[in-house]
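# Examining the three-dimensional arrangement
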Amino acid sequence: MSETLNISDAEWEVMRVVWASGESTSKEIAQVLNDKRGWSQSTVKTLIGRLSSKGYLHARKEARHFVYITHLEEPESLKREVEGMLSRICSRKKPNLLAYLIEKIPMVAEDRAMLEEVLQNKQVVAEVPCDCHPGQCTCQLHASSTILPNLSLEEIKHEN
Ligand SMILES: [Zn+2]
């Protein structure tokens, strides 16, 4: 699994402009984000600076200004964001979360057909093990209670 991206919500707004345009000047990025969020050019420049120091944006000098590009692909970045989110959830709870998303996300008939095909071909396992750290999930509290009865969260913390 690829490493989780370190992009804040505000920085993500900048990345979206660069992904949509392919390459942008800070002025072009500021125009979009002033319109959407009311951000000043200096706010946008700060965000660009942070993204550049993280290695997500690269500046190319043109005649009188810098043009910003990224080597991160948008679909790959979205996957990494989702992976990061999923890593915070117990494996046993992911199917419920997915059902919630499927109910919530608007889709056309073709989208639903695609999902139905994915589900048809989905390999199932006998049981999904809880992969959480002890003390961070109720599954493991239940599982460990047979070995360590009446262990409180506080006591589990001190065990480690
Ligand atoms: Zn768990």
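The following refers to the structure shown. All figures in this text were calculated on a predicted structure; none of them were measured in a lab.

## Some points on the coordination of the zinc ion
Taken together, C90 (SG), C130 (SG), C132 (SG) and C137 (SG) make up the full set of protein donors to the zinc ion, lying 2.1 to 2.5 Å away. With 4 donor atoms in place around the zinc ion and angles of 97 to 122° between them, the coordination shape is tetrahedral.

## Here we look at the packing of aromatic side chains
The tally for this structure, following the rule as stated, stands at 1 aromatic pair. Arranged with centres 5.3 Å apart and planes meeting at 70°, the rings of W12 and W19 form a pair that is edge-to-face. Assigned by exposure class, W12 and W19 land together as buried. Across from the ring centre of F66, 5.1 Å away, lies the NZ or CZ of K61, which sits over that ring.

## A few points about the pattern of salt bridges
Working definition: two side chains of opposite charge can pair if their charged atoms are close together. Scanning all chains against the criterion turns up 7 salt bridges. One salt bridge connects K36 with E13, and the closest N-O pair in it is separated by 2.9 Å. Taken together, the positions of K36 in helix α2 (residues 26-37) and E13 in helix α1 (residues 9-21) put the pair 23 residues apart, joining distant regions of the chain. According to the relative accessible area criterion, E13 is buried, its value standing at 9%. Here the salt bridges share partners, and the residues they tie into one network are E13, K36 and R37.

Cut-offs applied
- Residues numbered from 1 in each chain as written.
- Predicted model: local features only at pLDDT ≥ 70, side-chain atom pairs only at ≥ 80, totals over all residues.
- Heavy atoms only, no water.
- Donors = N, O, S within 2.8 Å, 3.2 Å for Na, K, Ca; no water.
- Tetrahedral: all angles 85-135°; square planar, octahedral: opposite > 155°, others 65-115°.
- Phe/Tyr/Trp six-rings, centres within 6.5 Å; stacked < 30°, edge-to-face > 60°.
- Buried < 20%, exposed > 50% of the residue type's maximum accessible area, 1.4 Å probe, protein only.
- Lys NZ or Arg CZ within 6 Å of the ring centre and 35° of its normal.
- Salt bridge = Lys/Arg side-chain N within 4 Å of Asp/Glu carboxyl O.
- Helix = DSSP H or I, 4+ residues; strand = E, 2+ residues; numbered from the N terminus.

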